There are 2 protein chains.
Amino acid sequence: MSDRFALATSVVAIDGPDPDVGDDSRRRWSAAVHDGWDIGGNANGGYLLAIAGRAMAESVGAPPLTLTGHYLRPAPAGPCEVATTVVRSGRRLSTVAATLSMGGEATLQLLGTFGEQRPGGPSRTTLEPVELAPFEECVVPPPPTDGLVPELMNRIDLRMRPEDAGFRVGRPTGRPEVSGWFALGDGEEPDEIALLLAADAFAPPVFNTDLPVGWVPTVELTVHVLGVPAPGPLRCSFRSSIIEDGLMEEDGVMWDSAGSLVGTSRQLALMPR
Amino acid sequence: MSDRFALATSVVAIDGPDPDVGDDSRRRWSAAVHDGWDIGGNANGGYLLAIAGRAMAESVGAPPLTLTGHYLRPAPAGPCEVATTVVRSGRRLSTVAATLSMGGEATLQLLGTFGEQRPGGPSRTTLEPVELAPFEECVVPPPPTDGLVPELMNRIDLRMRPEDAGFRVGRPTGRPEVSGWFALGDGEEPDEIALLLAADAFAPPVFNTDLPVGWVPTVELTVHVLGVPAPGPLRCSFRSSIIEDGLMEEDGVMWDSAGSLVGTSRQLALMPR
């Protein structure tokens, strides 16, 4: 677990505002898709979102409130570049478009609005935190039947609700749900950028249906950041109550260790036909 | 209801591929924010999404599967332009970024993936259609207490579940939910683009809480198109189970008259502080 998340998603401005473009709203950022944050050689979608999201956040000096990524190509480990364009810069909210490219090819296209989430203002959340056994009583995701543990699982500390992990050994629950705890490795604490990784780190809930377990490519992933996580593992729950003609929705909710709702996610993905 | 939806969201290519840009992935489209599709002089968010979504769909010759819009400025009636960039053009899916501008200022920034939703492929939806009385037994949204019916309501035919409309006369249900039927005017039938309008046509479900009724500006709206609607009104349900420190999520589900789930929506909006 030596490759810390903050380092594995770090970005460096390639230059200041681009004089050739004559437009100081555009910046370019150098980064790298690190080895080991992948599932079978393809970088995890939440990890890619975190790299690009960090560059976008730095371009306006504020964390994400809502960030959408559209996945264009698989991403092997290697150098990447993020091109950010500030579409609107406001007092509270700033909107940024971006492209993460590898080898000159657009790999992930993004659009987000950034701003500090301030305490105060009305709260009327009726959604209850998912019930989970304590972190220590939840289970490290068991290896799939082919025996290869996704490399990603060596970088983060996931603990699944025991029954939700049964699909690995032929005992799906029949409910399209996967819940559990998410922590970074090495005691690194989650921040708003880590929510982007957590949103796509668990196994797809559809693995708990009668459908075959296989690659479920994400078309689009949107994360809403609703609060700054307190230190400690995130309490997470993901569900897919909609699977229509090969299109699947997955909805996630993330609470911090203090019980505050800090983020939600929704993705549209393709089921194998 | 003489201004039909298809006309009110029509777009015309300004030119072919832009020779100045030297890039045939970029196009410009001329359109207009029509008078009468507004709430108090500001064009409805779903209507704006539909104008831009139509230009984006035409740029790749396929309907939207997932479309996200970030709202930058209020939009009065008047001419507008949509600049589309095809980020990736694939066999099944194409991804398009776009900006809708008015008076030279970016008003709505968008990112979407487009493609035909084909029947077949696995379906395992567990979500049940919302229960509603027949169209004729649901109610036209009553005017707000200030007496001004939003102009938009003269263009479409909304029928709310009677109890969900009670907030207009001081009887909110206490449940953050608004459900009802959505139809276009003049017997025009809904298509994939109309789902973009339906996703933001109902009153915010938070009006059924104890929070004050007021303008709830959308930061971001994402619509997933999961099927082609059959003719007839759409059965719609919108809920806000998350309101955190002044940020509000609103989730919508849309079924067609044949009972098929054809779309979902989620928006992030600001509650008045």
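Quick note: structure is the one above.
Residues numbered from 1 in each chain as written. Chains lettered and ligands numbered in written order. Predicted model: local features only at pLDDT ≥ 70, side-chain atom pairs only at ≥ 80, totals over all residues. Heavy atoms only, no water.

(A) Expanded view of the packing of aromatic side chains. All names here are of chain B. If you walk through the whole model with that rule in mind, you get eight aromatic pairs over all chains. Geometrically, the ring pair formed by Phe-5 and Trp-37 is tilted, given 6.1 Å between the ring centres and 50° between the ring planes. One end of the pair, Phe-5, is in helix H1 (residues 5–8); the other, Trp-37, is in the loop between strand S2 (26–33) and strand S3 (38–39), with 32 residues separating them in the sequence. With a relative accessible area of 2%, Phe-5 lands in the buried category. Residue Trp-37 is classed as buried on the basis of its relative accessible area of 0%. With a centroid separation of 5.0 Å and 15° between ring planes, the pair formed by Trp-37 and Tyr-47 is classed as stacked. With Trp-37 in the loop between S2 and S3 and Tyr-47 in helix H2 (residues 45–60), this residue pair connects regions lying ten residues apart in the sequence. As far as burial versus exposure is concerned, Trp-37 and Tyr-47 are alike and both buried. (Phe/Tyr/Trp six-rings, centres within 6.5 Å; stacked < 30°, edge-to-face > 60°. Helix = DSSP H or I, 4+ residues; strand = E, 2+ residues; numbered from the N terminus. Buried < 20%, exposed > 50% of the residue type's maximum accessible area, 1.4 Å probe, protein only.)

(B) Broad picture of the interface of chain B and chain A. Across the boundary between the two partners, chain B contributes 55 residues, which contact 55 residues of chain A. Both faces combined, the contact of chain B with chain A buries some 5,100 Å², and carbon together with sulfur accounts for 57% of it. Seen at the junction of chain B and chain A, the total is four salt bridges. Note that Arg124(B) is salt-bridged to Asp210(A), the shortest N-O span being 2.8 Å. For the pair chain B and chain A, the number of links is 36 residue pairs in polar contact (both at pLDDT 80 or more). Within the residue set of the side of chain B that touches chain A, elements represented by two or more residues are strand S5 (64–71), strand S6 (78–89), strand S7 (94–102), strand S8 (105–114), strand S11 (218–225), strand S12 (234–244), strand S13 (247–255) and strand S14 (261–270) of chain B. (Contact = heavy atoms within 4.5 Å. Buried area = accessible area lost by both parts, 1.4 Å probe. Salt bridge = Lys/Arg side-chain N within 4 Å of Asp/Glu carboxyl O. Polar contact = N/O pair within 3.5 Å; in protein donor to acceptor, adjacent residues only side chain to side chain.)

(C) Structural view of the relation of the copies chain B and chain A. Once chain B has been moved 0.0 Å along the axis and rotated by 180°, it coincides with chain A to within an RMSD of 0.0 Å. In the structure described here, the two chain copies are related by an operation that fits a two-fold rotation axis. Rotation axis and chain B: the residue whose C-alpha lies nearest the axis is Leu111(B), separated from it by 3.3 Å. A share of 100% of the interface residues of chain B reappears at the interface of chain A, consistent with the copies meeting face to face through the same patch. (Least-squares fit on C-alpha atoms with pLDDT ≥ 70 in both.)

So, to be careful, I would describe these as geometric facts and stop short of saying anything about function.
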